[in-house]
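Breakdown of the fold
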Amino acid sequence: MGCGGSTAAAVDVQQQPTAAPTKAAEAKVEVQITPVSQSPQESAQPAKVVTAEPAKREVPAPPSSTANAKAGPRIVILGPPACGKGAQTNAIRAAFGVAHISSGECLMTAMQSASAISDAIASEWKEGSVSDGTTVKALMERLQSSENLSSGWLLDGFPRTAAQAELLVSSGFTADKVICLSMPSEALVEKQTGRRMDPATKAVYHIGSNPPADEEVRSRLITLPGDEKTTVSKKVDSFFSELDGVLTAFKSISGLKVQTFDASLETSSLADSVKAFVASP
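A quick note: this is a predicted structure, and the numbers were derived from the prediction, not measured.

Looking at the state of the cysteines
All chains considered together, the criterion is met by zero disulfides. C83 provides the cysteine sulfur closest to C180, a residue in no disulfide bond, and the two sulfurs are 8.6 Å apart.

Re unusual backbone geometry
The linkage connecting F158 with the following residue, P159, adopts the cis geometry, with an omega of 5 degrees. Non-glycine residue A82 carries a positive phi angle of around 70 degrees. By secondary structure assignment, the location of A82 is in the loop between β4 (74-78) and α2 (85-96). One non-glycine residue, K202, adopts positive backbone phi at about 70 degrees. Tracing the sequence through the fold places K202 in the loop between β8 (195-197) and β9 (204-206).

Thoughts on the sheet that holds strand β10 (residues 257-262)
The strand order β5-β6-β4-β7-β10 describes an open sheet built from five strands, whose pairing is parallel. Each edge of the open sheet is held by one strand with a lone partner, namely β5 (99-101) and β10. On average, each strand axis in the sheet is tilted by 20 degrees relative to the strand beside it, whichever way the strands run. Where β4 lies against strand β7 (residues 177-182), four bridges are found, and the strand directions are parallel.

So, the layout of surface pockets
Volume-wise, the largest pocket comes out at about 300 Å³. In this structure, the largest pocket is lined by 13 residues; those nearest its centre are K191, Q192, R195, H206 and S209. Residue assignment for the lining of the largest pocket shows that the elements contributing at least two residues are α7 (185-193) and β9. In terms of residues, the lining of the largest pocket owes the most to one element, α7, which gives four residues. Tallied by class, residues from the lining of the largest pocket come to five nonpolar, five polar and three charged.

Re the confidence of the model for the chain
Looking at the chain, pLDDT values average 81 and 75% of them are 70 or higher. Averaged over each element, pLDDT in the chain is lowest for strand β1 (residues 8-15) (40) and highest for β7 (98). When the criterion is pLDDT under 50, residues 59-69 qualifies, and its contacts beyond four places in sequence or with other chains add up to zero contacts.

Here's the deal with the packing of α2 against helix α10 (residues 267-279)
At a minimum axis separation of 10 Å, α2 and α10 run at an interaxial angle of 50 degrees. Overall, the two elements α2 and α10 adopt an arrangement that is oblique. Both α2 and α10 take part in a crossing whose hand is right-handed. In this structure, α2 uses A87, Q88, A91, I92, A95 and F96 to contact α10, whose residues at the interface are T267, L270, A271, V274, K275, V278 and A279. Split by residue class, the contact of α2 with α10 holds 10 nonpolar, two polar and one charged.

A few points about the pairing of strand β6 (residues 153-156)
The alternating pattern of β6 places W153 and L155 on one face and L154 and D156 on the opposite face, and all of these are buried. Looking at chain direction, β5 and β6 are connected through three bridges and run parallel. Bridging from a neighbouring strand, I101 pairs with L155 of β6.

As for the nonpolar core
A general tendency of soluble globular proteins is for nonpolar side chains to be buried together. Ranked by size, the top nonpolar core spans 34 residues in total, and within it V76, I101, L139, W153, L155, F173 and F250 carry the most contacts. The set of elements that each furnish at least two residues to this core consists of β4, β5, α3 (103-112), α5 (132-143), β6, α6 (162-170), β7 and α9 (229-250). In terms of residues, this core owes the most to one element, α9, which gives six residues. When residues no more than four places from it in sequence are discounted, the contact partners of W153 are P73, R74, I75, V98, A99, I101, L143, F173, T174 and A175. With 20 residues, the next largest nonpolar core counts A82, V236, F261 and A263 among its residues.

Examining α2
Over its 12 residues, α2 runs 16 Å from end to end, which matches the ideal 16 Å to within 8%, given 1.5 Å per residue. All of the buried residues in α2 are K85, Q88, T89, A91 and I92. Taken around the axis of α2, the buried residues stretch over an arc of 160 degrees, which confines them to a single face. At its buried positions, α2 is contacted by β4, β5, β6, β7 and α10.

Focus: the environment of A99
Mapped onto the secondary structure, A99 falls in strand β5. Every residue in contact with A99, bar those within four places of it in the chain, is listed here: N148, L149, G152, W153 and L154.

Cut-offs and rules
Residues numbered from 1 in each chain as written. Predicted model: local features only at pLDDT ≥ 70, side-chain atom pairs only at ≥ 80, totals over all residues. Heavy atoms only, no water. Disulfide = S-S within 2.5 Å. Helix = DSSP H or I, 4+ residues; strand = E, 2+ residues; numbered from the N terminus. Pairing = 2+ DSSP bridges. Axes fitted to C-alpha atoms, helices over the stretch in contact; angles between N-to-C directions. 1 Å grid on protein atoms, 1.4 Å probe; cavity = no way out; pocket = protein on both sides within 12 Å on 5 of 7 lines; lining within 4 Å. Points joined across faces, edges and corners; volume = space filled by probe spheres on them. Nonpolar A, V, L, I, M, F, W, Y, C, P; charged D, E, K, R; others polar. pLDDT = per-residue confidence, 0-100. Contact = heavy atoms within 4.5 Å. Parallel < 35°, antiparallel > 145°, perpendicular 65-115°, else oblique. Left-handed = near helix turned anticlockwise from the far one by under 90°. Buried < 20%, exposed > 50% of the residue type's maximum accessible area, 1.4 Å probe, protein only. Core = buried A, V, L, I, M, F, W, Y, C linked by side-chain atoms within 4.5 Å. Expected span 1.5 Å × (residues − 1). Arc of directions from axis to C-beta.

Structural data, given as structure tokens:
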């Protein structure tokens, strides 16, 4: 009964049963409001039913497929002339699918793509050489792009001097591993100067380790341009005189690992060691 002539309401809350337990969150809730009055006529009025929609649950978005993707290795490989760097580069590319990057390729790409430094490259190229500053800018532009670099990259034979390395590092360059191939200078000079080419077939031989079996072929072999002893010795000496400065500049890169390998080892054995280093944490 009401108090002081006022009207009160009795509230009954009923939850409709669901078809299956797994869909319980989707059930509607009916709130039945039955008015209570002092007169039979009022109490005979039908109950009002208010249907409440269930609260919508937010479904979390699926995680991005690349959110936890591990970036490919970022590698620098250095070595003097005739050390077999090309064979190790091919082994790394085959094993890890990394993009091969060289300073020359970066310059050509930048010049042909009408990049911000294309005019500077073209102008300096006409003068006979491209400055270290322009080369580093082209290289950094390539490394900062996303084109074909998702599996990592292998920077081949650059930097060659301490000045280039310092400029590269100051430009924000970073890498994971540096592979340095080394051999005694005398062995490098002998290996390079012993190369010969057959001008008829363009096949390359080595007079010490891989001479042609045919006497006629041996008689027409020529020395390749740049394989003269004086030229080779100068290139080998230049590499080793700059190497310490290059590696010193790289020491400022956080987390960078550097390892030197004996390039006089058998090619496949050396490749196994190099690949293990690249794959290591």
